[in-house]
Amino acid sequence: MPQTTAMAAQTEPTLAQRVRFAVFQHFIDTGEPPLVEGLMTDFGLSRAETGAVLRDLAETRGVAVVKGTSRILMAWPFSAIATPFRVTARGRNYYANCSWDAIAFHAMLGNEPVHVDSFCHFCAAPIALEFADGRATKVEPAATIVYLALRPTQWWEDIILTCSNTMVFFCSAEHRDASGLVDAGNPGASLTPQQAHDLGVPIYADRMKIDYVRPGRDALNAHFAAVGLTGPYWQI
Ligand SMILES: [Zn+2]
C-alpha cells in the first residue's frame, strides 16, 4: 500500500479524544483523575473550554463528573474516590466503580495480572479475586457472585447510582437473596467472575487507546449471545 494512502486513512484525533485519553493516562499513572487546571495547561484551554470538553465526554459516556462541577468522578473502570472495589495492577492500587469495573481492569490492561479486593455487599466478608491471561485464577470465596441488579437498558438512566449501588459482589447466592437488592420482577444478572470478565472484553479491551469507541447496540447484543448470556435481560 502506498504510504500516502496509509497516512490519509489516519484521521487526527479530536480534542475530546485527546482529553479522554489524557484522563485515562493520568488515572493509570497516578490512580487519580487529572484536575481541570492540569487539562487547561496541558491542552491550552480556558476553564470554560475545558468544562465544555468534559461535558461532551460525559454525554458520550467517557467520564462522569461530580454533579454540577467539572471534577471527574468516574472514567470507567476508574473511580476518583475510595470504593469497596480495590484493584491492584502494575504495582499500584486503584479504585473501581463497581464489581464489574473491578474485573474489567484485566481486559483493559490486555490481560495483565490483576488482583481485586472487595467485600460481600450483604455481610461485608472479604472477597479476593485474581486474573491472569484472561482467566479468573483465584476466586475466594469460591461461590462469589458478580450481581448486576438493573437491566442493561436501565444502567444509563443514572450511571452514577447504577455503578455505586447496583453492581456489587456477594459471597454466596444466599447472601444475594437476603440482601434486599433483588427485585422479584427483575432478578438481575448473577455472573461468575469469569463470566463478568468475558462480558466486558469488547467494552473495555481498547479503552486505553486514543481512538476507543464504545461498541454499538448490535455488537453488544451479539457479544452477549456469544458468551452465553441470552434471554430478555441481555436484549438491549
Ligand atoms: Zn456474604
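Here the structure is a predicted model, which means the values were calculated and not measured.

To continue, consider the packing of helix 8 (residues 193-204) against helix 9 (residues 217-226). Running from N to C, helix 8 and helix 9 cross one another at 155°; their axes reach a closest spacing of 9 Å. Between helix 8 and helix 9, the interaxial angle falls into the category roughly antiparallel. Considering the relative orientation of helix 8 and helix 9, their crossing is right-handed. Residue-level contacts link Asp198, Leu199, Pro202 and Ile203 of helix 8 to Leu220, His223 and Phe224 of helix 9. Residue classes in the contact of helix 8 with helix 9 are distributed as five nonpolar, one polar and one charged.

Let's shift gears to the confidence of the model for the protein chain. Residue-level pLDDT values for the protein chain average 93, and 96% of them are 70 or greater. In the predicted structure, residues 1-6 sits below a pLDDT of 50 and forms one contact with residues beyond four places in sequence or in another chain.

As far as domains go, the protein chain holds domain 1 (3-75) and domain 2 (82-230). Between domain 1 and domain 2, the C-alpha centre-to-centre distance is 25 Å. Taken together, the contact pairs 18 residues of domain 1 with 17 residues of domain 2. Here domain 1 meets domain 2 over a buried area of about 1600 Å², counting both sides, of which 65% is carbon and sulfur. It is Ile28, Arg61 and Met74 in domain 1 that bury the most area against domain 2; as a group they hold 42% of the surface buried on that side. Along the contact surface separating domain 1 from domain 2 lie zero salt bridges.

Taken in spatial order, the three strands of this open sheet run 1-2-3, and their pairing is antiparallel. Looking at which strands have only one partner, the edges of the open sheet turn out to be strand 1 (64-65) and strand 3 (78-79). Relative to strand 2 (residues 72-75), strand 1 runs antiparallel, the two being bridged by two bridges. Paired with Val65 across the bridge in strand 2 is Ile72.

About the cut-offs
- Residue indices follow the written sequence of each chain, beginning from 1 at its first position.
- Since the coordinates come from a predicted model, pLDDT governs what is reported: local features require at least 70, and pairs of side-chain atoms require 80 or more to be given and counted, while whole-chain, interface and lining totals use all residues.
- Each side-chain value is derived from all of the structure's non-hydrogen atoms; neither hydrogens nor water enter the calculation.
- Note on geometry: axes are lines fitted to C-alpha atoms, helical ones only across the stretch in contact, with angles between N-to-C directions running from 0 to 180 degrees.
- Note on conventions: DSSP H or I runs of at least 4 residues are helices, E runs of at least 2 residues are strands, and numbering of each starts at the N terminus.
- For this classification, under 35 degrees means roughly parallel, over 145 means roughly antiparallel, 65 to 115 means roughly perpendicular, and everything else is oblique.
- Here a crossing is called left-handed whenever its near helix is offset anticlockwise from the far helix by less than a right angle, and right-handed whenever the offset is clockwise.
- We call two residues in contact when some of their heavy atoms are within 4.5 Å.
- Under the grouping applied here, Gly and all other residues not named as nonpolar or charged are polar, the nonpolar ones being Ala, Val, Leu, Ile, Met, Phe, Trp, Tyr, Cys and Pro and the charged ones Asp, Glu, Lys and Arg.
- pLDDT expresses how confident the predictor is about each individual residue, on a scale running from 0 to 100.
- Start and end positions for the domains come from either an automated domain assignment or a database one.
- Using a 1.4 Å probe, buried area is obtained as the accessible area two parts lose upon being combined, added over both of them.
- A side-chain nitrogen of Lys or Arg and a carboxyl oxygen of Asp or Glu constitute a salt bridge if their distance falls within 4 Å.
- A pair of strands is labelled paired if DSSP reports no fewer than 2 bridges between them.

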